[in-house]
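What follows is the residue order along each chain.
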Amino acid sequence: GAREAEVKHGRIAMLAATGLIVQDLVTLPFYNKWYTGEKVWALHDKLVKIGAAWQVLGFLFLLEVPFIQKCVDGTLDGTGDYGFDPLGLKSDRRAVTEIKNGRLGMIA
């Protein structure tokens, strides 16, 4: 429970920290329909205004369904693992590194 929540929140924090930097540097061509030059701090309000935030929340809920089922079944293992590791990078050493970097991301 608690370890899995920490891992998942850490992953989100690491992605968010990376996204903050990338969004100020890169603009994709198809964003021109609704993007009018806001910096990353104003993008949240813009996404809420155009309705994209609900799409993100819906997608995240779909990603959580397998974990909700594991909680109901009592088979939660604490890894936050989706079973997606095409490069075979999963190891105990990397798990500790991921947790430490995730904690740093949550502070950032």
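All values reported here derive from a predicted model rather than from experimental measurement.

## Structural notes on the overall build of the protein
Here's step 1: In terms of helices and strands, the protein carries four helices and zero strands.
Here's step 2: In the protein, the order of α-helices and β-strands from amino to carboxyl end is α-α-α-α.
Here's step 3: For 108 residues, the compact-globule estimate of 2.2 N^0.38 gives 13 Å, and the protein exceeds it by more than 25% at 17 Å.
Here's step 4: C-alpha atoms of the protein, sized along the principal axes, occupy 45 × 30 × 25 Å.
Here's step 5: The proportion of buried residues among the 108 residues of the protein is 16%.
Here's step 6: Of the contacts made within the protein by residues no fewer than 6 positions apart, 57% connect residues no fewer than 24 positions apart.
Here's step 7: In the form shown here, the protein has an accessible surface area of approximately 8500 Å², with 67% of it arising from carbon and sulfur atoms.

## Considerations on the packing of helix α1 (residues 2–25) against helix α4 (residues 92–107)
Here's step 1: Two numbers describe how α1 lies on α4: the axes approach to 7 Å, and their chain directions differ by 60 degrees. With respect to their mutual orientation, α1 and α4 come out oblique. At the point where α1 passes α4, the crossing takes the left-handed sense. Contact residues: R3, E6, V7, H9, G10, R11, A13 and M14 in α1; E98, I99, N101, G102, R103, G105 and M106 in α4.
Here's step 2: Taken together, the residues of the contact of α1 with α4 break down into five nonpolar, five polar and five charged.

## Observations concerning the pattern of salt bridges
Here's step 1: Applying the stated criterion to the full structure yields three salt bridges.
Here's step 2: Between R103 and E6 there is a salt bridge, and its shortest N-O distance comes to 2.5 Å. Taken as a pair, R103 in helix α4 and E6 in helix α1 lie far apart in primary sequence, 97 residues in all.
Here's step 3: A relative accessible area of 39% places R103 in the partly exposed class.
Here's step 4: Using a relative accessible area of 21% as the deciding quantity, one classes E6 as partly exposed.
Here's step 5: E64 is the partner of K8 in a salt bridge, and the nearest nitrogen-oxygen pair spans 2.7 Å. Of the two residues, K8 sits in helix α1 while E64 sits in helix α3 (residues 52–73), which places them 56 residues apart along the sequence.
Here's step 6: You can call K8 buried: its relative accessible area is 15%.

## Observations concerning the confidence of the model for the protein
Here's step 1: Of all residues in the protein, 93% have pLDDT values of 70 or greater, and the mean over the chain is 80.
Here's step 2: Between the elements of the protein, mean pLDDT differs from a low of 78, seen in helix α2 (residues 40–50), to a high of 86, seen in α3.

## Description of a nonpolar patch on the surface
Here's step 1: Residues L20, I21, V22, L25, V26, L28, F30, Y31 and W41 make up a contiguous nonpolar surface patch of about 940 Å² in total accessible area.
Here's step 2: Counting residues per element, the nonpolar patch draws most heavily on α1, at four residues.
Here's step 3: Turning to its location among the elements, L28 is positioned in the loop between α1 and α2.
Here's step 4: The exposure class assigned to L28 is partly exposed, which follows from its relative accessible area of 35%.

Conventions and cut-offs
- Residues numbered from 1 in each chain as written.
- Predicted model: local features only at pLDDT ≥ 70, side-chain atom pairs only at ≥ 80, totals over all residues.
- Heavy atoms only, no water.
- Helix = DSSP H or I, 4+ residues; strand = E, 2+ residues; numbered from the N terminus.
- Rg over C-alpha atoms; globule rule 2.2 N^0.38 Å.
- Buried < 20%, exposed > 50% of the residue type's maximum accessible area, 1.4 Å probe, protein only.
- Contact = heavy atoms within 4.5 Å.
- Areas by Shrake-Rupley, 256 points an atom, 1.4 Å probe, with all protein chains shown as cover.
- Axes fitted to C-alpha atoms, helices over the stretch in contact; angles between N-to-C directions.
- Parallel < 35°, antiparallel > 145°, perpendicular 65-115°, else oblique.
- Left-handed = near helix turned anticlockwise from the far one by under 90°.
- Nonpolar A, V, L, I, M, F, W, Y, C, P; charged D, E, K, R; others polar.
- Salt bridge = Lys/Arg side-chain N within 4 Å of Asp/Glu carboxyl O.
- pLDDT = per-residue confidence, 0-100.
- Patch = residues over 30% accessible without salt bridge, like charges linked within 9 Å, V, L, I, M, F, W, Y side chains within 5 Å.

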